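Single-letter residue listing:
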Amino acid sequence: MQDKIQLSNISSHDYEQCLKCSICTVYCPVSTVEPEYPGPKHAGPDLLRYRLKDPDFFNETLKLCLNCKRCEVACPHGVKVGDIIQAARIEYSTHTPSLRDRMLASTDFVGSMATLVAPLTNFFLGLKPAKTVLDKVMKIDRHRQFPAYSGTKFETWFHRHAEAEQQSFNRFVSYFHGCYVNYNFPKLGQDFVKIMNACGYGVHLLEKEKCCGVALIANGLSGQAKKQGELNISSMEKAVDASNEAVLTTSSTCTFTMRDEYKDLLKIDNSKVRDHIMLATRFLCQKIDEGKIKLAFRKDFHKKVAYHTACHMERMGWSIYSVQLLKMIPGLDLTILESHCCGIAGTYGFKKENYERSQKIGAPLFKQIREVNPDSVATDCETCKWQIEMSAGYPVDNPVSLLAEAIDVEETRKLNEK
């Protein structure tokens, strides 16, 4: 049975504001490489007029959409073209999610199981026979590299090694760490805590946290996504009521999903906390500009870095904050890459039917990175990291981790105690 929600106000999207200029189609990374995809204008506003009269006008080719939101960035009239397409998939699609789709979307369940036997999981997922089985049986492309799982969850590390220390601070933020930090890369969460503590802020974890739900939405499980979203928002409301200044994240996609997709697609009321949900880089920049935070940097830090703006980061218009922070680091040689989609789009690039298309979409970005030849690439999206590391062959760091590597912790602490 398909897990979905009914959107009674699907027609509320301002599709009539569409100018039919087709700029969105020009900027669509899927339209560039896939002739079967009709493009965001046709798939979105044009066909919505017909779908509202007859659901049979829904076309399953809409599953080719990456939900990258580049169409919305390009639209001169502010039409939420991507939302129209995703809302149509939620409302009208008759496709039943496969076992593969459910597994890829169940990040908390899979992550919890995988971390229990992380060395074995990582070894198995790297074997060619295992990749062949996943390819033939599950339709997960054999070329796809999986992110490694950690043997210790971030939540476990935090409760054991950092939680007690947080009570010594007078100012606090909450941290929505997300699946990637919890199961795959706890170091990013540790870097976040390191920076916030050095800047004079204690860190609290949310009372309860589930995956933001972006993979569930993409795989036709919007009902489960709504349940998890409501739990997350409830926890955030409690955190804000308890005088935490903000709910900070280290993932651009988690941030965008909770701020905008909850409200626009899942119809979750996040009005009490939406303005409190923000990337750590935005929060830090704001506090630095207000003179409430000061940073000191190591004199021996030197690195050549290329910054990639993730698609959802571009949709929010927040890349300026990560770039501004990176530019503050004296020893950082920074190149801002031209805007290109990496092509992975979360679980999209794992699927056998999408893999070749995913790689074609990302090819211009990979070429650009190789031409710059940095020590590492910086981006605020974890799945962009997986795609770039696999396909371009360069290590990828979150701006938070680069900042944690570059700051002089003791000097920063002293500056923020004054």
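Definitions and cut-offs
Residues numbered from 1 in each chain as written. Predicted model: local features only at pLDDT ≥ 70, side-chain atom pairs only at ≥ 80, totals over all residues. Heavy atoms only, no water. Helix = DSSP H or I, 4+ residues; strand = E, 2+ residues; numbered from the N terminus. Rg over C-alpha atoms; globule rule 2.2 N^0.38 Å. Buried < 20%, exposed > 50% of the residue type's maximum accessible area, 1.4 Å probe, protein only. Contact = heavy atoms within 4.5 Å. Areas by Shrake-Rupley, 256 points an atom, 1.4 Å probe, with all protein chains shown as cover. Lys, Arg positive; Asp, Glu negative; His and termini not counted. Charge placed at Lys NZ, Arg CZ, Asp CG, Glu CD. Phe/Tyr/Trp six-rings, centres within 6.5 Å; stacked < 30°, edge-to-face > 60°. Lys NZ or Arg CZ within 6 Å of the ring centre and 35° of its normal. Patch = residues over 30% accessible without salt bridge, like charges linked within 9 Å, V, L, I, M, F, W, Y side chains within 5 Å. Salt bridge = Lys/Arg side-chain N within 4 Å of Asp/Glu carboxyl O. Pairing = 2+ DSSP bridges. Axes fitted to C-alpha atoms, helices over the stretch in contact; angles between N-to-C directions. Core = buried A, V, L, I, M, F, W, Y, C linked by side-chain atoms within 4.5 Å.

**Considerations on the overall build of the protein**
Piece 1. Tallying secondary structure elements over the protein gives 23 helices and eight strands in all.
Piece 2. Taken over the C-alpha trace, the protein has a radius of gyration of 21 Å; the compact-globule value for 418 residues is 22 Å, and the two agree within 12%.
Piece 3. For the protein, the C-alpha atoms occupy an extent of roughly 65 × 50 × 40 Å along the three principal directions.
Piece 4. For the protein, buried positions account for 58% of its 418 residues.
Piece 5. Across the protein, the fraction of contacts at a sequence separation of at least 24, relative to all contacts at a separation of at least 6, is 78%.
Piece 6. A total accessible area of about 18,100 Å² is found for the protein, and carbon and sulfur atoms account for 53% of it.
Piece 7. The average position of the 54 basic charges and that of the 50 acidic charges among the side chains of the protein differ by 2 Å.

**Comments concerning the packing of aromatic side chains**
Piece 1. Counting across every chain of the model gives 10 aromatic pairs.
Piece 2. Their ring planes at 80° and their centres at 5.4 Å tell us that Y201 and F283 sit as a pair that is edge-to-face. Taken as a pair, Y201 in strand β2 (residues 201-205) and F283 in helix α17 (residues 280-289) lie far apart in primary sequence, 82 residues in all. For the pair formed by Y201 and F283, the shared burial category is buried.
Piece 3. Geometrically, the ring pair formed by F350 and W386 is edge-to-face, given 6.1 Å between the ring centres and 90° between the ring planes. Note that F350 is positioned in the loop between β6 (332-336) and α20 (352-372) and W386 in helix α21 (residues 382-391), a separation of 36 residues in sequence. Neither residue differs from the other here; F350 and W386 are each classed as buried.
Piece 4. Counting every residue linked through ring pairs, the aromatic cluster contains F146, Y180, F185, F350 and W386.
Piece 5. In this arrangement the basic side chain of R144 is found over the ring face of F350, its NZ or CZ atom lying 5.1 Å from the centre.

**A short note on a nonpolar patch on the surface**
Piece 1. Judged by side-chain polarity, L99, M103, F109, M113, L116, V117, L120, F123, F124 and L127 come together as a nonpolar surface patch covering roughly 1,000 Å² of accessible area.
Piece 2. You can see M103 is positioned in helix α6 (residues 99-105).
Piece 3. Owing to a relative accessible area of 35%, M103 belongs among the partly exposed residues under this scheme.

**Describing the sheet that holds β6**
The strands that make up a sheet pair up through hydrogen bonds in the backbone, lying either parallel or antiparallel.
Piece 1. In space, the four strands of this open sheet follow the order β6-β5-β7-β8, with parallel pairing throughout. At either end of the open sheet lies a strand with only one pairing partner, and these are β6 and β8 (396-397).
Piece 2. Pairing of strand β7 (residues 376-378) with β8 involves two bridges; the strand directions are parallel. Note on β8: the bridge partner recorded for V377 is V396.

**Description of the sheet that holds strand β3 (residues 247-249)**
Piece 1. Taken in spatial order, the four strands of this open sheet run β2-β1-β3-β4, and their pairing is parallel. Both edges of this open sheet fall to β2 and β4 (277-279), since each of them pairs with a single strand only. Here the average twist between neighbouring strands, direction ignored, is 40°.
Piece 2. Taken together, the five bridges between strand β1 (residues 171-175) and β2 define a ladder with parallel strand orientation. Among the inter-strand pairings, F172 is bridged to a residue of β2, identified as G202.
Piece 3. Set on the sheet, helix α13 (residues 186-198) makes contact with β1, β2 and β3; between it and β2 the angle comes to about 145°.
Piece 4. Against the sheet, helix α16 (residues 252-264) makes contact with β3 and β4, and its axis sits at roughly 160° relative to β4, the strand it touches most.

**As for helix α22 (residues 399-406)**
Piece 1. Burial of α22 is extensive: seven of the eight residues sit out of reach of the surface.
Piece 2. Its buried side turned inward, α22 meets α13, α17, β5 (303-307), α19 (319-327), β7 and β8.

**Concerning the nonpolar core**
Piece 1. One finds F192, M196 and L403 to be the most contacted residues of the largest nonpolar core, which totals 79 residues.
Piece 2. Looking at this core element by element, the count peaks at six residues for α13.
Piece 3. Every residue in contact with F192, bar those within four places of it in the chain, is listed here: V173, Y175, V203, L248, T250, A280 and V400.
Piece 4. Membership of the second largest hydrophobic core comes to 26 residues, among which are Y15, C18, V30 and C68.

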